[in-house]
Amino acid sequence: MDYDVVIVGGGHAGCEAASACARLGVDTLLITQREADLARMSCNPAIGGLAKGHLVKELDALGGIMGWVADRSSIQSRMLNRSKGPAVWSPRVQCDRELYTEGMRRLLGDTSGLDILEDEVADISLSNGAVNGVVTIQSGTINARKVVLCGGTFWNGVIYIGEWQKPAGRIGEDPAVGISDRLEKLGLRRIRLKTGTPPRLDGNTINFNMLERQDGEEEPIWFSSDPPVESLPQRPCFLTYTNEETHDILQGGLDRSPLYTGRIKGVGPRYCPSIEDKIVRFADKNRHQLFIEPEGLQEEEYYINGFATSLPEDVQLKALRTVPGLSDVKMNRPGYAVEYDVFPAEQLSLSLECRIINNLYLAGQINGTSGYEEAAVQGFIAGINAARSILGNDQIVLGRDQAYIGVLIEDLITKIPEEPYRMFTSRAEFRLLLRQDNARQRLLDVAQKIGLVSTRKQQSTKESIDNKDRIIKGLKSTSVLYNGVRMKSAELLKRPEIKLTDLVNFTDFPGEQREFIKIHSQSAFHAEVEIKYNGYLVRQQAQVESFRKMEQLLLPVVMDYESISALSAEARCELNRIRPETLGQASRIPGVRAADVSVLMVLLKKGW
Ligand SMILES: Cc1cc2nc3c(=O)[nH]c(=O)nc-3n(C[C@H](O)[C@H](O)[C@H](O)COP(=O)(O)OP(=O)(O)OC[C@H]3O[C@@H](n4cnc5c(N)ncnc54)[C@H](O)[C@@H]3O)c2cc1C
């Protein structure tokens, strides 16, 4: 068997990588342990959320598939953070878990140029320091010009519930062994990280009358620019709280917890602690919020968001039964923790190609992230870059000033992984410009270059930009009477209490403009944001310009920073470890100070 690209692992990263490669026209094989588990959501069945929603919108704007599939399995959608500025609004959809996996299987199955093989990759084959294939357990060697590894939580995965532990990638699924050990032998640095999931509850045993009901938006929120004609029936989520009795029971189980007895060595995400971690770290809090979320349309199973745990099963159940609404609850499956291998991403270049082994790309959880969306965007970038290098095209690297995807990949490569990395809006320094609503417009050029977005969609994005400009021009050139004073519409719109929807209803607002704004509501929203936040946006744009100047200063590829005595010892060590590609990237490495950046700048000026 010969392929251009072989993708290993059909999780969120692998599915995006496989779809992108095949659609770019290279012969692609996706190898995964169980085809029925393609794009399986290991934890809660929800896509998007704070900052993650931005990633999905960007992925959709570039031609990725996660948003398209999520829209077609959405059973509740919400725009989070609406009470704050539009830069941090984030869409989130609750999905039907099985419909999501089914939808992804169907989409990949219908993709021409893509084969799917159910098997396990145990090794890679090499020639002259470059990968040239993979070795599978059942089918033997498969030749490939490029290999993309997306192993998720499966490489030497071990799951824990109280005193019980078992090698597994997820509960009920075997781990993948062999490949991770081989990469380490080839010189890649490996660490252990951990994550956890809550119990799943039988909905027939929950007293919903005791819970606070939370419905989604009346109008569905879509990720994709090509949403379904009709939405699925919508389901509510529910809210409840732990209490002091719950905390006492959890506390009593700590001596049997693999986290607190030291059996789990891998570090978990601080921002998403297990319930036992919460009661220890926030001991002064007498309650914690829990969201009870449906797993699907047909299912009577519920996910309890906020109660990730690896305590013994009996402690989990006893603690849950103290929570209002859950006094008679039945647990379908207990929560558990999983510990797995990670290859810190400093060993990759910004295209996600491995620096030590040519033609090898790594993406997803194995690079130190946590989250479906974080994995998917990496899979997409690794996939298109593997395909582009076969097609003789340059690599796509997104900047921090262009996309959250750029922020994520650069952070992974530049910072030491201390815990699983997840995206937050606060990580993006140019977040006023990188909004979820303008992803298609700001990434249009890159999408054109990649070539996975149809000409029709590109055209419609161009039209939306023209429409926005036309609306802004109209608002700047017309005026209305407000409190007896005639004012330019654009000036009036800058006032926080005036919304564009109010302004268009002023009796003297020009009728033609009103109609145009009503028809092009999305462009009108962009126009409104640009007018209201103009001062901030102009300032941020200026920061982007100076940022870009630093990014254009490329550092030589091979160099020994140890020989530059003017650099601090810490900077020499970190620069040698990470080998930044630009002066800008060097300046963001922890341990590289302003004085070190000046030294590098002087060397560059001298023609280094
Ligand atoms: C218990 C648990 C709890 C989690 N909790 C959260 C959470 O709270 N929040 C959050 O955002 N994320 C959470 N995650 C993480 C989330 O599931 C992952 O970030 C995401 O699924 C990673 O996607 P991926 O594509 O990298 O890998 P995965 O989704 O893990 O998929 C990897 C796929 O590759 C296959 N595979 C692996 N190795 C091989 C091989 N050698 N040969 C063939 N096939 C192979 C596996 O069978 C699997 O199908 C959790 C994960 C687990 C397991």
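Quick note: structure is the one above.
Remember, it's a predicted structure, so these values are computed and weren't measured experimentally.

Cut-offs and rules
- Residues numbered from 1 in each chain as written.
- Predicted model: local features only at pLDDT ≥ 70, side-chain atom pairs only at ≥ 80, totals over all residues.
- Near = placed C-beta within 6 Å.
- Helix = DSSP H or I, 4+ residues; strand = E, 2+ residues; numbered from the N terminus.
- Core = buried A, V, L, I, M, F, W, Y, C linked by C-beta atoms within 7 Å.
- Buried ≥ 20, exposed ≤ 12 C-beta atoms within 10 Å, placed from the backbone.
- Domains from an automatic or database assignment.
- Contact = placed C-beta atoms within 7 Å.
- Axes fitted to C-alpha atoms, helices over the stretch in contact; angles between N-to-C directions.
- Parallel < 35°, antiparallel > 145°, perpendicular 65-115°, else oblique.
- Left-handed = near helix turned anticlockwise from the far one by under 90°.
- Nonpolar A, V, L, I, M, F, W, Y, C, P; charged D, E, K, R; others polar.
- Pairing = 2+ DSSP bridges.
- Expected span 1.5 Å × (residues − 1).

Overview of the site of the ligand
- Looking at the ligand, there are 35 residues lining it, with Gly9, Gly11, Gly152, Gly364 and Gly371 nearest.
- When residues of the shell around the ligand are traced back to their parent elements, those giving at least two are α1 (12–23), β2 (28–32), β12 (191–197) and α9 (372–390).

Comments concerning the nonpolar core
- Within the largest apolar cluster, 120 residues are counted, with the highest numbers of intra-cluster contacts made by Val6, Ala17 and Val148.
- Sort the elements by how many residues they give to this core and α9 lands first, with 10 residues.
- Of the residues that make up this core, three or more belong to each of domain 1 (200–335) and domain 3 (552–605).
- If we ignore the near neighbours within four places in the chain, the residues touching Val6 are Leu29, Ile31, Val134, Ile142, Ala144 and Val147.
- Within the second largest apolar cluster, 23 residues are counted, among which are Phe307, Leu311, Leu320 and Leu326.

Comments concerning the packing of helix α13 (residues 455–477) against helix α17 (residues 521–532)
- Interhelical geometry of α13 versus α17 gives an angle of 55° and a closest axis separation of 8 Å. Between α13 and α17, the angle falls in the class oblique. Taken as a pair, α13 and α17 cross one another with a handedness that is right-handed. Residues Ser464, Asn467, Lys468, Ile471, Ile472 and Leu475 of α13 form the contact with α17, whose own contacting residues are Gln522, Ser523, Ala524, His526, Ala527, Glu530 and Ile531.
- Considering only residue class, the contact of α13 with α17 consists of 6 nonpolar, 5 polar and 2 charged.

Quick word on the sheet that holds strand β15 (residues 237–241)
- In space, the 6 strands of this open sheet follow the order β14-β15-β16-β17-β13-β18, with antiparallel pairing throughout. With one partner strand each, in any of the chains shown, β14 (212–214) and β18 (331–333) form the two edges of the open sheet. If you compare each strand with its neighbour and ignore which way they point, the axes differ by 35° on average.
- Bridge count for strand β16 (residues 289–294) against strand β17 (residues 301–305) is 4 bridges, and the pairing is antiparallel. Of the residues in β17, the one forming a bridge with Phe291 is Asn305.

Brief notes about α17
- With 12 residues, α17 ought to run about 16 Å at 1.5 Å a step, and its terminal C-alpha atoms sit 16 Å apart, in line with that.
- Within the span of α17, buried status applies to Ser523, Ala524, His526, Ala527, Glu528, Val529, Ile531 and Lys532.
- Those residues of α17 that are buried are in contact with α13, α14 (489–493), α15 (500–503), α16 (511–519) and α18 (534–551).

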